[in-house]
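So you can see what is in the structure, the chains are spelled out below.
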Amino acid sequence: MNTIRKKLEDKKIVILGFGKEGLSTYKFIRAYQPELPLVIADQNGKMTIEELQSDVNLSFVLGDKYDENLNDFDLILKSPGVSLANIDYFIDRKKLTSQTSLFVEAYRDQVIGITGTKGKSTTASLIYHILKEAGRDVKLAGNIGVPFFDIVDEITPETIIVAELSAHQLEFIDNSPHIAILLNIFQEHLDHFTTFNDYQLAKLNITNYQKKEDYLIYNQDDLYIGNLLRANLFEHNTMPFRRNMMLDTGAYSYDSHVFLMENKEKIDDYELGALHNLPGKHNYYNVMAAILVARLQEVDHKHIVTGLNSFQNLEHRIEYVGIFNEIKFYNDSISTIPETTIAAVNTLRKVQTLILGGFDRGIDYQTLIDFLAKSEVKNIAFTGPAGKRIFDEWQNSKENFPENYLISDDYHKIVNFAFEKTSPYKICVLSPAAASYDQFENFEARGRCFKDLVLKIGNNNNKS
């Protein structure tokens with residue numbers, strides 16, 4: 001903590017972006033420097049948090065011009081959601097920092113960092129669960145929803161910190177964690193990053209600053225990761241994982257087993273066929289990464305197996321909602337890219353109705369259209385700007401179009417459509433392949449809206 005405090009002492013500071021992390025930063029600074037002049041800069045034109053109103057050493061820059069004159073400050077504490085892509089003047093990079101950057105610099109030797117376009121929340125939670133079950137002093141923070149500064153008072157020299165790290169958090173860091181996990185890279189967040197290449201380079205920062213004694217655990221099946229690693233020479237330890245092909249060192253899965261390898265020898269074997277709480281072959285990648293971390297932390301086979309078997313999958317990730325009118329409903333609102341929608345349909349297998357679309361980030365949907373045109377999905381509800389674009393592109397492609405479709409932004413109509421068109425013993429899944437910001441605050445709000453409507457309409461149908 002002292003390392004972080006020294007970085008902030010006697011500086012002219014602006015907190016750029018005032019969401020959950022911005023508030024956490026404000027509270028952290030005020031806990032030990034109550035009279036330090038602070039500025040909050042946010043696009044939101046109104047600040048309604050009561051505790052701020054009485055702070056005489058606090059001032060605001062709000063509205064559309066919130067990001068002007070940032071070079072007037074010694075430190076710019078940027079929140080992850082704030083994009084600098086549209087700023088038309090040079091910002092001194094030395095002035096730019098964040099909670100993530102300051103935290104990783106202070107605690108890097110204790111940090112296990114996880115990133116990837118998809119799977120990072122599941123993998124971070126699984127690692128945390130296994131270490132907790134093994135009796136370790138472990139904390140979970142970062143993009144998972146707990147700001148890093150909120151846990152600093154709980155950290156001892158023995159604490160292991162499992163950190164879920166988004167590309168937004170990694171974009172401007174200059175330190176990397178002792179153990180880094182790179183799960184996958186797909187097109188996403190093109191509204192925040194200028195190019196897909198910039199997004200990839202932000203992800204790579206999780207390993208860019210590692211030392212010789214550090215570890216990178218990475219998905220060897222991912223072509224983008226492979227290209228990035230070949231283009232950059234790293235001296236630290238690497239531990240790959242992949243499916244259906246043996247490795248000299250690291251982990252690979254074959255059939256329903258995960259094998260750990262060391263110097264071309266099998267040293268451990270985990271049977272995953274009974275892991276009902278982690279459905280789908282895509283979760284094998286998350287499991288392999290978690291097992292490799294656990295072994296680096298010297299967790300024995302017995303405790304790893306116990307942790308895997310007792311882990312509960314996270315909400316909004318191929319989450320079973322219930323069965324109504326003999327139709328099974330699943331909530332996969334976390335799906336914001338085509339690849340995760342394809343994975344959900346492949347995992348559930350009996351999907352007949354799919355809810356698709358939302359906020360349009362400009363990603364390529366042709367692979368998803370090709371997949372769905374050959375699938376057994378017969379009913380599709382297209383929603384939001386992304387859904388309308390998928391509908392238009394699919395029609396123009398003249399590929400096999402769904403038997404029944406609905407274009408609507410009204411989730412009540414969408415869920416009614418699912419009840420009307422889905423056959424008994426088949427599945428309806430919300431797996432949008434798009435962000436939620438067209439009409440929801442986040443994917444969690446979208447998923448809960450869907451679940452609430454399924455339960456309400458389903459229970460009403462059962463009463464009639």
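Structure first, text after, so check above.
All figures in this text were calculated on a predicted structure; none of them were measured in a lab.

## Structural notes on the overall build of the protein
Consideration 1: A tally of regular secondary structure across the protein gives 15 helices and 20 strands.
Consideration 2: On C-alpha atoms alone, the protein measures out to a radius of gyration of 23 Å, which is about the 23 Å that the 2.2 N^0.38 rule sets for 464 residues.
Consideration 3: Each principal axis of the C-alpha distribution contributes one length, and for the protein these read about 65 × 60 × 45 Å.
Consideration 4: Put simply, the protein has 464 residues, and 55% of those count as buried.
Consideration 5: Taking the intrachain contacts of the protein between residues at least 6 apart in sequence as the baseline, contacts between residues at least 24 apart amount to 68%.
Consideration 6: Total accessible area on the protein stands at roughly 20900 Å², and carbon and sulfur atoms take up 47% of it.

## Things to note about helix H13 (residues 384-397)
Consideration 1: A rise of 1.5 Å per residue sets the reference length of H13, with its 14 residues, at 20 Å; its end C-alpha atoms lie 20 Å apart and thus fit the reference within 8%.
Consideration 2: Residues of H13 that are buried: Gly 384, Ala 386, Gly 387, Arg 389, Ile 390, Phe 391 and Trp 394.
Consideration 3: The inward-facing, buried residues of H13 abut strand S17 (351-356), helix H12 (366-373), strand S18 (379-382) and strand S19 (404-407).
Consideration 4: Positive backbone phi, approximately 60°, marks Lys 398, located one or two places after H13.

## Here's the deal with the packing of helix H9 (residues 283-296) against helix H10 (residues 301-310)
Consideration 1: Relative to each other, H9 and H10 sit at 145°, their axes nearing to 10 Å. Crossing of H9 against H10: the hand is right-handed. Where H9 approaches H10, its residues Val 287, Ile 291, Ala 294 and Arg 295 are matched on the opposing element by His 301, Ile 304 and Leu 308.
Consideration 2: Looking at side-chain class alone, the contact of H9 with H10 contains 5 nonpolar, 1 polar and 1 charged residues.

## Some points on the nonpolar core
Consideration 1: Counting 47 residues, the largest nonpolar core has Leu 8 and Phe 103 as its most contacted members.
Consideration 2: Among all residues touching Leu 8, those that are not within four sequence positions of it are Ile 13, Phe 28, Ile 29, Tyr 32, Gln 33, Leu 36, Leu 75, Leu 77 and Leu 102.

## Structural notes on the packing of aromatic side chains
Consideration 1: One pass over the structure, following the stated rule, counts 22 aromatic pairs.
Consideration 2: A centroid spacing of 6.2 Å and a plane angle of 65° characterise the contact between Phe 359 and Tyr 437, whose relative ring orientation is edge-to-face. Here the residue Phe 359 occupies a position in the loop between S17 and H12, and Tyr 437 occupies one in the loop between strand S20 (427-430) and helix H15 (443-463), the gap between them amounting to 78 residues.
Consideration 3: Given the relative accessible area of 27%, Phe 359 is considered partly exposed.

## A word on H9
Consideration 1: If you check H9, its first and last C-alpha atoms are 20 Å apart, about what 14 residues at 1.5 Å a residue would give, namely 20 Å.
Consideration 2: H9 sits mainly inside the fold: 11 of its 14 residues count as buried.
Consideration 3: Within the span of H9, buried status applies to Asn 283, Tyr 284, Asn 286, Val 287, Met 288, Ala 289, Ala 290, Ile 291, Leu 292, Val 293 and Ala 294.
Consideration 4: Positive phi shows up at Glu 298, right after H9, with a value of about 60°.

## A word on the sheet that holds strand S2 (residues 38-42)
Adjacent strands of a sheet pair through backbone hydrogen bonds, lying either parallel or antiparallel.
Consideration 1: Strands sit in the order S3-S2-S1-S4-S5 across an open sheet of 5 strands; the sheet is parallel. Because the sheet does not close on itself, it has two edges, and the strands there are strand S3 (58-62) and strand S5 (96-97).
Consideration 2: Of the strand pairs in this sheet, S2 and S3 are connected by 5 bridges, and their pairing is parallel. When the bridges of S3 are listed, Val 39 appears paired with Ser 59.
Consideration 3: Helix H2 (residues 20-32) contacts strand S1 (13-16), S2, S3 and strand S4 (75-78) of the sheet and is inclined by roughly 155° relative to S1.

## Digging into the sheet that holds strand S6 (residues 111-115)
Consideration 1: One open sheet holds the 9 strands; their spatial order is S7-S8-S6-S9-S10-S11-S12-S13-S14, and the pairing between them is mixed. Because the sheet does not close on itself, it has two edges, and the strands there are strand S7 (138-142) and strand S14 (265-271). Strand-to-strand twist across the sheet, computed as the mean angle between neighbouring axes with direction ignored, equals 15°.
Consideration 2: Here S6 runs beside strand S9 (residues 179-182); their pairing, made up of 4 bridges, is parallel. Within S9, the position partnered with Thr 115 by the bridge is Leu 182.
Consideration 3: Helix H7 (residues 196-208) rests against S6, S9 and strand S10 (215-219) of the sheet, and its axis sits at about 160° to S6.

Criteria and cut-off values
- Residues numbered from 1 in each chain as written.
- Predicted model: local features only at pLDDT ≥ 70, side-chain atom pairs only at ≥ 80, totals over all residues.
- Heavy atoms only, no water.
- Helix = DSSP H or I, 4+ residues; strand = E, 2+ residues; numbered from the N terminus.
- Rg over C-alpha atoms; globule rule 2.2 N^0.38 Å.
- Buried < 20%, exposed > 50% of the residue type's maximum accessible area, 1.4 Å probe, protein only.
- Contact = heavy atoms within 4.5 Å.
- Areas by Shrake-Rupley, 256 points an atom, 1.4 Å probe, with all protein chains shown as cover.
- Expected span 1.5 Å × (residues − 1).
- Axes fitted to C-alpha atoms, helices over the stretch in contact; angles between N-to-C directions.
- Left-handed = near helix turned anticlockwise from the far one by under 90°.
- Nonpolar A, V, L, I, M, F, W, Y, C, P; charged D, E, K, R; others polar.
- Core = buried A, V, L, I, M, F, W, Y, C linked by side-chain atoms within 4.5 Å.
- Phe/Tyr/Trp six-rings, centres within 6.5 Å; stacked < 30°, edge-to-face > 60°.
- Pairing = 2+ DSSP bridges.

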